[in-house]
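Structural overview for review
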Amino acid sequence: MNFDEILKNLEAAHLRRRLQVVDSAQTAVISLNGRQLVNFCSNNYLGLAADPRLVEAAGEAAERYGWGAGAAALISGHMSPHETLQKTIGGFFGSDGVLLFNSGYHANIGAIPTLVDREGEIFSDVANHASIIDACRLSKVPVSIYRHCDPNHLEELLKRPATRRPRLIITESLFSMDGDHAPLIEIANLAEKYDALLYIDEAHAFGTCGPDGRGLWEEVIQRKAMSLSAAHVIRMGTLGKAFASFGAFVISDPVITELLMNRARSYIFTTALPPAVAAASAKALEIAAKEPERRERLWRNVTLLTRLLDRESASPIIPFLCPGNDRVMQATNDLIEAGFYVQGIRAPSVPEGQERLRITVSAHHTEEQVRALADALKTL
Ligand SMILES: *Cc1c(COP(=O)(O)O)cnc(C)c1O
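Our subject in this report is the structure included herewith. These numbers come from a predicted model, not from an experiment.

Structural notes on the overall build of the chain
Within the chain, the regular secondary structure consists of 15 helices and 13 strands. Taking 380 residues into account, the globule formula puts the C-alpha radius of gyration at 21 Å, and the chain, at 21 Å, falls close to it. When the backbone C-alpha atoms are referred to their principal axes, the chain occupies close to 55 × 55 × 55 Å. Burial status across the chain gives 54% buried among its 380 residues.

This is the structure:
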């Protein structure tokens, strides 16, 4: 095994990844290698990452509870701030079944194998996130991949005789790389028709989309657009993106919550989050709920940028295709020269040939910054 060779091959294919050090807080303008750049590639959609109220909440919790949780949640690591956070999430989403995980990655790789319990089968959108792909692998059950956002293809796969139970359909609600929405109503109707559970990854939708930022499934519920029982829907959300903190949660029927707590290995066998992190997350949820103007500013910026680029987009994630690893990394460098930071996304994060700049808009961008980015993109 020649590790050096592997890295050289990555280099030759323009696939070698390198860390960039950000030497400032995560505000609209960041300091990167000594340069001031307007950041258009963070998932800090509501502009809360550097909010002093989060810092203060973390500081107060640290004063009172110290720093580390010291053990896994089920041993002695579940502290008052974790409990308060779970209740805050439950209040925000109107659910009694909430379980905190250490990250979205942990949540997916823990919850999904637990739900299918080696006996079921999985139906997964081809564009689902790497953490879902890994969760499918860990599940050790048959996985049928359906074409991106294609309920007809999903139905073809579901129509086959069901020899395994439960059947679990998995989709993101707002897709992380294309910024498009899953056809949740159609998928939910199929879940009902074929007696399947529905697992929705709302990592990018919570805080940004749906009624009061409660995600795209909530929109379906409010429109009373389908009759799938709530007990059949499991939702995952992260605290690392719009809520600008760290950690994640799964919302489900309380029986499922209890099952996950007892069986999900990535819940059981890892140290609980530091209590101060949980306190900052609860503060972020509170601010997101009482300052709807943040979502309004976010969507105003989305509308402005998509209009300037002559696009349509229903999300703060705006892909700008630049096929070719060398081309997309050149585009990233050109934008840095122009004062903007937008990461090029290459395989395997996206399929080969679909390399792109993944532009993300935030509530903290000014109109001038958005206009200037559109101008810079046009000259690429
Ligand atoms: C970011 C992301 C995750 C992982 O969440 P973290 O809290 O960052 O680990 C899971 N699913 C999707 C779709 C994501 O974009």
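The structure having been displayed, the exposition proceeds.
Some words on the pairing of strand β10 (residues 317-321)
Of all 5 residues making up β10, 4 are buried, and the element is well covered by its neighbours. Pairing of β10 with strand β13 (residues 356-360), which is carried by 5 bridges, proceeds in the antiparallel orientation. Across the sheet, residue P319 finds its bridge partner in β13, namely R358.

With respect to the site of the ligand
Residues in contact with the ligand amount to 14 residues; listed here are only the nearest, G104, D201, H204, T238 and K241. Here a nitrogen atom of the ligand and a side-chain polar atom of D201 are 2.6 Å apart. One nitrogen or oxygen atom from the side chain of T238 is found 2.7 Å from an oxygen atom belonging to the ligand. For the shell around the ligand, the elements supplying multiple residues, two or more each, are α5 (104-116) and β8 (233-238). Broken down by element, the residue count for the shell around the ligand peaks at 3 residues, all from α5. Partitioned by chemical class, the residues of the shell around the ligand number 3 nonpolar, 8 polar and 3 charged.

Regarding the pattern of salt bridges
Think of it this way: side chains of opposite charge can pair up when their charged atoms draw near. Counting across every chain of the model gives 22 salt bridges. For D51, the salt bridge is made with R53, and the minimal N-O distance between the two is 2.9 Å. When its relative accessible area of 7% is taken as the criterion, D51 is described as buried. Judged by relative accessible area, R53 falls into the partly exposed class, the value being 28%. In this structure, R147 engages D150 in a salt bridge whose closest nitrogen and oxygen atoms are separated by 3.3 Å. A relative accessible area of 18% means that D150 is categorised as buried.

So, the packing of helix α13 (residues 292-308) against helix α15 (residues 367-378)
Two elements in contact, α13 and α15, have axes separated by 10 Å at closest approach and are oriented at 25 degrees. On the basis of their axis angle, the class for α13 and α15 is roughly parallel. Taken as a pair, α13 and α15 cross one another with a handedness that is right-handed. Residues N301, L304, L305, R307 and L308 of α13 form the contact with α15, whose own contacting residues are E367, V370, R371, L373, A374 and K378. When grouped by side-chain class, the residues that make up the contact of α13 with α15 number 6 nonpolar, 1 polar and 4 charged.

Some words on the sheet that holds β13
Strands sit in the order β10-β13-β12 across an open sheet of 3 strands; the sheet is antiparallel. Looking along the sheet, the strands with just one partner apiece sit at the ends: β10 and β12 (344-345). Contacts from helix α14 (residues 325-337) reach β12 and β13, with the element oriented near 45 degrees to β13.

Here we look at α14
Over its 13 residues, α14 runs 19 Å from end to end, which matches the ideal 18 Å to within 8%, given 1.5 Å per residue. Restricting attention to buried positions, one finds in α14 the residues N325, V328, M329, A331, T332, L335 and I336. Along the long axis of α14, the arc covered by the buried residues comes to 150 degrees, so they all point the same way. Two residues or fewer after α14 comes G339, characterised by a positive phi angle close to 100 degrees.

Some points on unusual backbone geometry
Cis geometry marks the peptide bond from R165 to P166, where omega comes out at -5 degrees. As for its position among the elements, P166 is in the loop between α7 (151-159) and β6 (167-172). Cis rather than trans, the peptide bond between A347 and P348 has omega equal to 5 degrees. Relative to the assigned elements, P348 resides in the loop between β12 and β13. With phi around 55 degrees, C149 is a residue other than glycine that occupies positive phi space. Residue placement: C149 occurs in the loop between β5 (143-146) and α7.

Some remarks on the sheet that holds strand β4 (residues 121-125)
Judged by pairing direction, the sheet is mixed, and its 7 strands sit side by side in the order β3-β9-β8-β7-β6-β4-β5 without closing on themselves. Looking along the sheet, the strands with just one partner apiece sit at the ends: β3 (98-101) and β5. Looking at each pair of strands side by side, their axes are set apart by 20 degrees on average, direction ignored. The sheet contact formed by β4 and β5 spans 4 bridges and is parallel. Each residue of the ladder has a partner; that of I122, found in β5, is V143. Against the sheet, α5 engages β3, β4, β6, β7 (196-201), β8 and β9 (248-251), with an angle of about 175 degrees to β7. Contacts between α7 and the sheet are confined to β4, β5 and β6, with β5 contributing the most and set at about 155 degrees to the helix.

What counts and what doesn't
- Residues numbered from 1 in each chain as written.
- Predicted model: local features only at pLDDT ≥ 70, side-chain atom pairs only at ≥ 80, totals over all residues.
- Heavy atoms only, no water.
- Helix = DSSP H or I, 4+ residues; strand = E, 2+ residues; numbered from the N terminus.
- Rg over C-alpha atoms; globule rule 2.2 N^0.38 Å.
- Buried < 20%, exposed > 50% of the residue type's maximum accessible area, 1.4 Å probe, protein only.
- Pairing = 2+ DSSP bridges.
- Near = heavy atom within 4 Å.
- Polar contact = N/O pair within 3.5 Å; in protein donor to acceptor, adjacent residues only side chain to side chain.
- Nonpolar A, V, L, I, M, F, W, Y, C, P; charged D, E, K, R; others polar.
- Salt bridge = Lys/Arg side-chain N within 4 Å of Asp/Glu carboxyl O.
- Axes fitted to C-alpha atoms, helices over the stretch in contact; angles between N-to-C directions.
- Parallel < 35°, antiparallel > 145°, perpendicular 65-115°, else oblique.
- Left-handed = near helix turned anticlockwise from the far one by under 90°.
- Contact = heavy atoms within 4.5 Å.
- Expected span 1.5 Å × (residues − 1).
- Arc of directions from axis to C-beta.

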